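# Examining the three-dimensional arrangement
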Amino acid sequence: FGIALSGMSVHAEEVDSLEDKTSNLQSQLEGINQDLVTISNEIAETEVKIEESNNEVFRLEASLQISRNNEEVQYANMKTRIKYMYGSDTLLSMVCEAKSMGEFLNRVDFIQNITKYDKDMLENMVKVREGIEEQEAELKSRQQELLDLQSQLDSEQAALQAKAEETSTDLATVNAQLEAARAAQKKQEE
């Protein structure tokens, strides 16, 4: 009778151990599933940010194209104006044809104003070009950061899914062992 009881306690301990393992594996699986939900939410948020960024890229590209077109028109106009104003002796002849000192000074002042205006326009064109280049670089950098984040989150999700599958397999194995131990215990009790 003592030998039979000791055999039953061994099976009972094995059943208890397997039940503990089952409980632990189920807890791990629940934690992994919660982590998967969290990662999935982060991926969804990142995808929304990427979509917003893409929309911003389209708006910025349209704006940049308009700015480039304006810049090209300004540049062409400025080249024509500079060629006309400075490329010939027009300004010099305008100054030299002055009939009085007052007219001479007015014409020199007029030429200075035109030159200042042209210089300001050229500086403005340079600033616009630099602004366009900065916006493009910043936007590309931000998009790359979002793509990198999405890639990282996808990797984490894949790792968690693999871990969930592994834990599910372990859980199925332990459940099968538990059922076998319970059956052996029940058979021995009979």
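Residues numbered from 1 in each chain as written. Predicted model: local features only at pLDDT ≥ 70, side-chain atom pairs only at ≥ 80, totals over all residues. Heavy atoms only, no water.

### A word on the overall build of the protein
Heads up, the condition is: Only runs of H or I of at least four residues qualify as helices and only runs of E of at least two qualify as strands under DSSP, and these elements are numbered from the N terminus. Only protein chains enter the accessibility calculation, which uses a 1.4 Å probe. A residue is then buried if its area is under 20% of the maximum for its type, exposed if over 50%, and partly exposed in between. Reported accessibility uses the Shrake-Rupley method at a 1.4 Å probe radius. Residues are deemed covered only where the shown protein chains occlude them.
Across its full length, the protein carries three helices and zero strands. Overall, the protein shows an N-to-C arrangement of helices and strands of α-α-α. In the protein, which comprises 190 residues, the proportion classed as buried is 21%. Carbon and sulfur atoms form 54% of the exposed surface of the protein, whose accessible area is close to 13,300 Å².

### What to know about a nonpolar patch on the surface
Under the convention used in this document: Patch building starts from residues that exceed 30% relative accessible area and form no salt bridge, then joins like charges within 9 Å and nonpolar side chains (Val, Leu, Ile, Met, Phe, Trp, Tyr) within 5 Å. Should a side-chain nitrogen of Lys or Arg be within 4 Å of a carboxyl oxygen of Asp or Glu, the pair is scored as a salt bridge.
Among the surface-exposed residues, Met101, Phe104 and Leu105 lie close enough to one another that they form a single nonpolar patch of about 300 Å² accessible area. With respect to the helices, strands and loops of the structure, Phe104 is situated in helix 3 (residues 101–189).

### Observations concerning the nonpolar core
Selection criterion: We define a nonpolar core as any set of buried Ala, Val, Leu, Ile, Met, Phe, Trp, Tyr and Cys residues linked to one another through side-chain atoms lying within 4.5 Å.
Core analysis: the largest hydrophobic core is formed by 15 residues, its most contacted members being Leu18, Ile32, Leu36, Ile39, Leu160 and Ala164. Elements with a contribution of two residues or more to this core: helix 1 (2–86) and helix 3. Of all hydrophobic cores here, the second largest spans five residues; its members include Val57, Leu60, Leu64 and Ile132.

### As for the confidence of the model for the protein
Definition in use: Note: pLDDT gives the predictor's confidence per residue, expressed from 0 to 100. The contact rule is simple, with two residues in contact once any of their heavy atoms fall within 4.5 Å.
Mean pLDDT over the protein works out to 81, with 88% of the residues at or above the 70 mark. The secondary-structure element of the protein with the lowest mean pLDDT is helix 2 (residues 90–96), recorded at 71, while helix 3 shows the highest, at 85. In this model, residues 1–8 is a region of pLDDT below 50 whose contacts with residues beyond four sequence positions or in other chains number four contacts.

### A look at the pattern of salt bridges
Enumeration according to the criterion identifies six salt bridges in this entry. Here Arg142 and Glu56 are joined by a salt bridge, their closest N and O atoms 2.6 Å apart. In this pair, Arg142 sits in helix 3 while Glu56 sits in helix 1, placing the two residues 86 residues apart along the sequence. Take Arg142: its relative accessible area is 30%, and that puts it in the partly exposed class. With a relative accessible area of 33%, Glu56 lands in the partly exposed category. Across the pair Glu179 and Arg182 runs a salt bridge whose closest N-O atoms are separated by 3.5 Å.

### Quick notes on the environment of Glu30
With respect to the helices and strands, Glu30 occurs in helix 1. On the accessibility criterion, Glu30 (57% relative accessible area) is exposed. Expressed as a C-alpha distance, the spacing of Glu30 and Ala164, which sit 134 residues apart in the sequence, is 9.0 Å.

### Overview of the side chain of Gln150
Inspection of the secondary structure puts Gln150 in helix 3. Discounting residues that sit within four places of it in the chain, Gln150 has contacts with Thr46, Glu47 and Ile50.

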